[in-house]
Amino acid sequence: MYVDDSPPRLVALGRVYEGSTSVHNVPLGNDQVKVGVEEVLEADARIPVPTQEVQLVGQALNTFLAWSTHLVKPFLE
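What you see is a predicted model; the values in this text were computed from it and never measured.

The rules behind the values
- Residues numbered from 1 in each chain as written.
- Predicted model: local features only at pLDDT ≥ 70, side-chain atom pairs only at ≥ 80, totals over all residues.
- Heavy atoms only, no water.
- Core = buried A, V, L, I, M, F, W, Y, C linked by side-chain atoms within 4.5 Å.
- Buried < 20%, exposed > 50% of the residue type's maximum accessible area, 1.4 Å probe, protein only.
- Helix = DSSP H or I, 4+ residues; strand = E, 2+ residues; numbered from the N terminus.
- Pairing = 2+ DSSP bridges.
- Axes fitted to C-alpha atoms, helices over the stretch in contact; angles between N-to-C directions.
- Phe/Tyr/Trp six-rings, centres within 6.5 Å; stacked < 30°, edge-to-face > 60°.
- Lys NZ or Arg CZ within 6 Å of the ring centre and 35° of its normal.
- pLDDT = per-residue confidence, 0-100.

*Asks:* Which parts of the structure should I look at to understand the nonpolar core?
*Replies:* The nonpolar side chains of a soluble globular protein tend to be buried, and buried together. Core analysis: the largest hydrophobic core is formed by 16 residues, its most contacted members being Val 11, Val 57, Leu 65 and Trp 67. Listed by contribution, the elements that provide at least two residues to this core are strand 1 (2–3), strand 6 (32–40) and strand 7 (64–68). Ranked by residue count, the leading element in this core is strand 6, at 3 residues.

Next up, the structure:
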């Protein structure tokens, strides 16, 4: 998962939940996907779709969030 920067920065690794339409009963926007953050790479980076509880990547570990679609890219080891 990336954040908008020039160029975009990789800040977290996780899973995309294809087919999901909401996160914590909040509908996803047309340009959003549901993700689960499994590894934090930049704890102080601001997430693209903040909530009242989570504004920084470091707060998102093991949490489901909405993330901007254009900032989610496959990561191959």
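*Asks:* Help me understand the pairing of strand 6 in this model?
*Replies:* Within a regular strand, the side chains alternate between the two sheet faces. In this structure, strand 3 (residues 12–16) lies alongside strand 6, joined through 5 bridges in antiparallel fashion. Bridging from a neighbouring strand, Ala 12 pairs with Val 40 of strand 6. Where strand 6 and strand 7 come together, 5 bridges link them in antiparallel fashion. Its bridge partner being in strand 7, Gln 32 is matched across the sheet by Ser 68.

*Asks:* Can you walk me through the sheet that holds strand 7 in this structure?
*Replies:* Picture the strands of a sheet paired through backbone hydrogen bonds; they go either parallel or antiparallel. Spatially, the 3 strands line up as an open sheet ordered 3-6-7, and their pairing is antiparallel. Two strands bound the open sheet, and with one partner strand each, they are strand 3 and strand 7. Put simply, the sheet's adjacent strands are angled 55° from each other on average, direction ignored.

*Asks:* What exactly am I supposed to notice about the packing of aromatic side chains here?
*Replies:* What characterises a pair of aromatic rings is the spacing of the ring centres plus the angle enclosed by the ring planes. For the coordinates displayed, the defined rule picks out 1 aromatic pair. Ring plane angle 85° and centroid distance 5.2 Å describe the contact between Tyr 17 and Phe 64, whose orientation is recorded as edge-to-face. Of this pair, Tyr 17 sits in the loop between strand 3 and strand 4 (22–23) while Phe 64 sits in strand 7, and the two are 47 residues apart along the sequence. According to the relative accessible area criterion, Tyr 17 is partly exposed, its value standing at 32%. The exposure class of Phe 64 is partly exposed, given its relative accessible area of 35%. Residue placement shows Lys 34 over the ring face of Phe 64; its charged tip is 4.5 Å from the ring centre. Against the face of Tyr 2 rests Lys 73, its NZ or CZ located 5.6 Å from the ring centre.

*Asks:* Where do I start with the confidence of the model for the protein chain in this structure?
*Replies:* Regions with low pLDDT carry predicted coordinates that are not meant to be interpreted in detail. On average, residues of the protein chain score 93 in pLDDT, and 99% of them are at 70 or above. When the elements of the protein chain are averaged for pLDDT, strand 4 gives the smallest value, 92, and strand 6 the largest, 96.

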